[in-house]
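# Fold and contact review
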Amino acid sequence: MRSLDVNVVRAALASLWNYSGRVVGLGWTALLIAKLGIGDYGTYAMAVAAGVMINAAIDNAFYVRSLRIEPDRFEGERCARVICGMLVAAVGVLCFLEWYIVGFAIIVGAGEQLFNTFKSQYLRTGRPDITMRFDAIRQLVSIGLGAAGIVFLGANLHEATWLYAAPYLVILLMCLRFVPGRRPMAPGGPREIALLSLESFAATTYAQGDLLLIGGIAGEKMAGYYSVALVTALAISVIGQNYANTFVESMRAVNGHMTAAPPLRQIVRVAAVTSVAMAVIGIGVLISGLANLVGVIALIMSAWVFARSINAMFTLLLFLQHRDVMRVRATVVVAVIKMSLLVPVVHTFGVVGAAVSCVLCEVGLLLWYHHVIYRRVNEHNTIPGVGDVKSAS
């Protein structure tokens, strides 16, 4: 029980840091729109979104393997991760001189890869509270520099972006110590790298594709309503992710055996708390009468938050059990199903139908993960680990 309390506290602290950063981010958004206009903010937002996609493509293999490989291999891959981030960042700086969106997107993708490299030493030991604290600090410094440039120096978007990205240079310098005396190692073989990269692309499509489709079919205003509810749901579901990350070290030590994972009932309790929080927000919006559509979507998405929080733990288990093929297959299938559903659903039922489709897909993913993780426990009365599951992956 005492160990459980420690995990809950760490997850709570991580979530607190995460929400602190999100509050600052909301202020940054308001400042950009107020001072530079909605057009410049749209350009900035497009570049950041593209940067997230670039980071997922170049860093996912390093990220997944950093959670499960032995220390010597981790140091070699961390060395390669730093070198990769430096090279991509250099390309981004050159592109930024001519093309804002392309250049800034590459800089963000590379900068986040370097930042993830620095944080990986703490995430491996099950300390999301520390990694989220660094996230909040980096965001506060970046936004502080950019905001100061806009407010006090009259900086335009390009100038403010340089200031915003400046902390990535400090992070790069902090990561240089991971290179000397180590031999760079690739994050697995070509097949594993391709699998993990495909997974990140599918996951990005699964997470962002609905917004793009809604905007194209129902218009930007409807996409805005949906985005408010979705961003809130993602923020609350981070609690489940942070809780899962507190078990990284203990579960890696036993190759993903569920003896080191929390009981399913405890995972469900955490998910229930996040779901209730989302529902309360939805009810509050409805009572306020400010945006009833957002409130309805938020209520529907409370079920999505419940499933998403559980899936965070299930995904971590599958990471540590090296079940990459199965996990990638599930991600690709659910992304294809979701995108196929959304076109007719949005045409017929609008954003409310999109929210229901989103919930159904996440619940379907949860049921599939539960089946493949617990099947051997139920059938053979054994706990699946690396030795049991490679043939099933």
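Along each chain, the written sequence defines residue order, and numbers are assigned to residues from 1. In view of the model being predicted, local features appear only for residues whose pLDDT reaches at least 70, and side-chain atom pairs are presented and counted only at 80 or more, with totals across whole chains, interfaces and linings using the full set of residues. To get the side-chain values, all heavy atoms of the structure are used, and hydrogens and water are removed first.

## Looking at the pattern of salt bridges
Going by this rule: Here, a salt bridge means any side-chain nitrogen of Lys or Arg that lies within 4 Å of a carboxyl oxygen of Asp or Glu. A run of H or I in DSSP becomes a helix once it reaches four residues, and a run of E becomes a strand once it reaches two; helices and strands are each numbered from the N terminus. Under the scheme applied here, a residue whose accessible area is under 20% of the maximum for its type counts as buried, over 50% as exposed, and between as partly exposed, the area being computed with a 1.4 Å probe on protein chains only.
Inspection of the entire model under this criterion finds nine salt bridges. A salt bridge links Arg73 to Glu77, with the shortest nitrogen-to-oxygen separation between them at 2.8 Å. Linking Arg73 with Glu77, this pair stays in helix H3 (residues 71-96), spanning four residues, or about one helical turn. The closest approach of N and O atoms between Arg182 and Glu75, which form a salt bridge, is 3.3 Å. Taken as a pair, Arg182 in the loop between helix H6 (157-175) and helix H7 (190-218) and Glu75 in helix H3 lie far apart in primary sequence, 107 residues in all. For Arg182, a relative accessible area of 28% translates into the label partly exposed.

## Focus on H6
What counts is decided by this rule: Each helix should span, by expectation, one fewer than its residue count multiplied by 1.5 Å. Two axes enter the definition of the bend at a residue: one is fitted to the seven residues ending there, the other to the seven starting there, and the bend is the angle between them. N or O atoms within 3.5 Å of each other form a polar contact, as long as, within protein, one can give a hydrogen and the other can take it, and as long as residues adjacent in sequence are counted only when both atoms are side-chain atoms.
If you check H6, its first and last C-alpha atoms are 28 Å apart, about what 19 residues at 1.5 Å a residue would give, namely 27 Å. The sharpest bend along H6 measures roughly 30 degrees and falls at Ala165, with the proline Pro167 sitting one to four residues further on. Looking at H6, one finds that the buried residues are Leu157, Ala160, Thr161, Tyr164, Ala165, Pro167, Tyr168, Ile171, Leu172 and Cys175. The opening residue of H6, the one whose side-chain oxygen lies 3.2 Å from the backbone nitrogen of His158, is Asn156.

## Some words on the packing of aromatic side chains
The description of two aromatic rings rests on the distance between their centres and on the angle between their planes. Note the following rule: Here a Phe, Tyr or Trp ring, Trp counted by its six-membered ring, pairs with any other such ring whose centre lies within 6.5 Å, and the pair is stacked when the planes are under 30 degrees apart, edge-to-face when over 60, and tilted otherwise. To sit over a ring, a charge needs its Lys NZ or Arg CZ within 6 Å of the ring centre and within 35 degrees of the ring normal.
A full pass over the atoms with the stated rule returns nine aromatic pairs. Here the aromatic rings of Tyr122 and Phe134 are separated by 5.6 Å at their centres, their planes lie at 40 degrees, and the arrangement is tilted. Here Tyr122, found in helix H4 (residues 100-123), pairs with Phe134, found in helix H5 (residues 128-153); they are 12 residues apart in sequence, far enough to count as distant. Classification of Tyr122 by relative accessible area gives partly exposed; the value is 24%. Consider the rings of Phe314 and Tyr374, whose centres lie 6.0 Å apart with planes at 65 degrees: the pair is edge-to-face. Here Phe314 is found in helix H11 (residues 292-320), whereas its partner Tyr374 is found in helix H12 (residues 324-380), with 60 residues between them in sequence. As far as the burial class goes, Phe314 and Tyr374 line up, both buried. One aromatic cluster is present, formed by Trp28, Phe96, Tyr100, Phe104, Trp162 and Tyr164 through successive ring pairs. In this structure, Arg78 packs its charged tip against the face of Phe178, placed 3.9 Å from the ring centre.

## Description of the packing of H4 against H5
To be explicit about the condition: For helices, the fitted axis covers only the stretch in contact; all axes are lines through C-alpha atoms, and the angles between them, taken along N-to-C directions, range from 0 to 180 degrees. The labels follow the angle: roughly parallel below 35 degrees, roughly antiparallel above 145, roughly perpendicular from 65 to 115, and oblique for the rest. Helix crossings are classified by the rotation of the near helix relative to the far one: an anticlockwise turn of less than a right angle makes the crossing left-handed, while a clockwise turn makes it right-handed. Contact between two residues is taken to exist if any of their heavy atoms lie within 4.5 Å; hydrogens are not considered.
Between H4 and H5, the shortest axis-to-axis distance is 9 Å and the interhelical angle comes to 150 degrees. Classified by the interaxial angle, the pair formed by H4 and H5 is roughly antiparallel. The crossing of H4 and H5 is right-handed. Along its contact with H4, which presents Glu112, Phe115, Phe118, Lys119, Tyr122 and Leu123, the element H5 presents Ile130, Thr131, Phe134, Asp135 and Arg138.

## Section: a nonpolar patch on the surface
Put simply, the test is: The patches described consist of residues with a relative accessible area above 30% and no salt bridge, like charges being joined within 9 Å and nonpolar side chains (Val, Leu, Ile, Met, Phe, Trp, Tyr) within 5 Å. In short, Shrake-Rupley with a 1.4 Å probe defines the accessible areas, and a residue's cover is counted only from the protein chains shown.
Together, Ile283, Leu286, Ile287, Val296 and Leu299 make up an exposed nonpolar region whose accessible area comes to about 400 Å². For the nonpolar patch, the element with the most residues is helix H10 (residues 264-288), which contributes three residues. Take Ile283: it is sitting in helix H10. With a relative accessible area of 42%, Ile283 lands in the partly exposed category.

## Quick word on the side chain of Arg138
Here Arg138 shows up in helix H5. Taking the relative accessible area as the measure of exposure, Arg138 reaches 12% and is therefore buried. What Arg138 contacts, discounting residues up to four positions off in sequence, is Glu112, Phe115, Tyr164, Pro167, Tyr168 and Ile171.

## Focus: the packing of H3 against H6
The condition is simple: Charged means Asp, Glu, Lys or Arg here, nonpolar means Ala, Val, Leu, Ile, Met, Phe, Trp, Tyr, Cys or Pro, and polar covers whatever is left, Gly included.
Where H3 meets H6, the closest approach of the two axes is 12 Å, and the angle between their N-to-C directions is 160 degrees. Judged by the inter-axis angle, H3 sits roughly antiparallel to H6. H6 is crossed by H3, and the crossing has left-handed handedness. Residues Val82, Met86, Val93 and Phe96 of H3 form the contact with H6, whose participating residues are His158, Thr161, Trp162, Leu172 and Cys175. When its residues are assigned to classes, the contact of H3 with H6 shows seven nonpolar, two polar and no charged.

## Points about the layout of surface pockets
Regions of empty space are outlined by a rolling probe, equal in size to a water molecule, passed over the atoms. Under the convention used in this document: Grid points spaced at 1 Å over the protein atoms alone were grouped into cavities, where a 1.4 Å probe fits but cannot get out, and pockets, open sets with protein on both sides within 12 Å along at least five of seven lines, with lining residues defined by an atom within 4 Å of a point. Grid points are joined across faces, edges and corners, and a volume is the space filled by probe spheres set on the points.
The computed volume of the second largest pocket comes to approximately 200 Å³. Contributing to the lining of the second largest pocket are Ala89, Val93, Ile107, Ala110, Gly111, Leu114, Trp162, Ala165, Ala166, Tyr168, Leu169 and Leu172. Those elements giving two or more residues to the lining of the second largest pocket turn out to be H3, H4 and H6. Top element by residues in the lining of the second largest pocket is H6. It accounts for six residues.

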